[in-house]
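Given next are the chains, with one letter for each unit.
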Amino acid sequence: MILTYKFFQNALIVSILIGILSPMIGVFLVLRRYSMIGDTLAHASLAGVAGGLLLDINPILGAFIFTAFAGSLIEFLRGFFKKYSEIILSIILAIGVGVAITIISSGKLHANANSFLFGSVLTVTRTDVWIVLGLSIAAAVTLIFLYDQLIYTVFDEDAARLAKVKVRTINYAFSILVAAAISVSIRIVGMMVIGSLIALPVATSMQVAKSFKGTILWSITFSLIDIVSGLFLSYLFNVAPGGFTALLSALLLLVIIGIKVIRQKTTAGKFKIEE
């Protein structure tokens, strides 16, 4: 039985934590039209992983530190590129990828960083589980504490300022939350497809949810389905869990959209018959 293996138990625990945390953050990113920021920070996280491996510290912790720095830098640069925000993402991506390639190509790493590109169930240790658990709890508590202010900020920053919400502080705090979500995901999902795990379950939930809280709950549900199914099936087919989970996320989204279209056509057909 696969669940008797210690490494798979560790991977399953981390997957469940990722499945809960990532869409909670993703909802706010998508509604703010910041989904590409998640993808940019995911690529930049490789620099943190490489730095962690170079300095002999846990790569997840290294990813969190660098990604939190990169997220804060994005918020700082927003004041200088208000009309050209896409340039900021290019700057962060250049810094992150540049640092990562420089460290990896130096030949001084104490381990292989490739597993962090695509994700691997074999590399998840008990230490990783505790670090992911700690980051997840801290992020969830912060998210709950800042929930009302985040909603204000998401829908209208100017109105939030009038309501005396500290928008700048909230944005910095949210950047760190995104960093936490990305860093906890990197072991299982891999850097290449973290962005899909953050955005796709939210996109799927938006097809069925009728309220903001409903969107969050459906996002978590779809995310857990995607990542847990992806974990088991990727092990069964002996493929990287990250890419397979991304495919499942996209497939589930298409299925939900297909069902919605069929229901709409069926409903329209009933109205025509009654007329």
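Residues numbered from 1 in each chain as written. Predicted model: local features only at pLDDT ≥ 70, side-chain atom pairs only at ≥ 80, totals over all residues. Heavy atoms only, no water.

### Some remarks on the nonpolar core
- Ranked by internal contacts, the top residues of the largest apolar core, which has 77 residues, are Ile25, Phe28, Leu41, Ile92 and Phe174.
- In this structure, Phe28 is in contact with Leu143, Tyr147, Leu150, Ile151, Val154, Phe174 and Phe212, ignoring residues within four places of it in sequence. (Core = buried A, V, L, I, M, F, W, Y, C linked by side-chain atoms within 4.5 Å. Buried < 20%, exposed > 50% of the residue type's maximum accessible area, 1.4 Å probe, protein only. Contact = heavy atoms within 4.5 Å.)

### Side note on the environment of Leu54
- Among the structural elements, Leu54 can be located in helix H2 (residues 35–55).
- The class for Leu54 is partly exposed, based on a relative accessible area of 30%.
- Along the chain, Leu54 and Ala111 lie 57 residues apart, while their C-alpha atoms are 8.3 Å from each other. (Helix = DSSP H or I, 4+ residues; strand = E, 2+ residues; numbered from the N terminus.)

### Quick notes on the packing of helix H1 (residues 6–31) against helix H6 (residues 126–145)
- Relative to each other, H1 and H6 sit at 20°, their axes nearing to 10 Å. Judged by the inter-axis angle, H1 sits roughly parallel to H6. Note on packing geometry: the crossing formed by H1 with H6 is left-handed. Within the contact between the two elements, H1 uses Lys6, Asn10, Ile13, Val14, Leu17, Leu21, Met24, Ile25 and Phe28 and H6 uses Arg126, Val129, Val132, Leu133, Ser136, Ala139, Ala140 and Leu143.
- In the contact of H1 with H6, the residues fall into 13 nonpolar, 2 polar and 2 charged. (Axes fitted to C-alpha atoms, helices over the stretch in contact; angles between N-to-C directions. Parallel < 35°, antiparallel > 145°, perpendicular 65-115°, else oblique. Left-handed = near helix turned anticlockwise from the far one by under 90°. Nonpolar A, V, L, I, M, F, W, Y, C, P; charged D, E, K, R; others polar.)

### Some thoughts on the environment of Phe81
- Here Phe81 is to be found in the loop between helix H3 (59–77) and helix H4 (85–105).
- Given the relative accessible area of 27%, Phe81 is considered partly exposed.
- Taking the C-alpha atoms as reference, Phe81 lies 21 Å from Ala159; in sequence the two are 78 residues apart.
- Not counting residues up to four positions away in its chain, the partners in contact with Phe81 are Ile87, Ile88 and Ile91.

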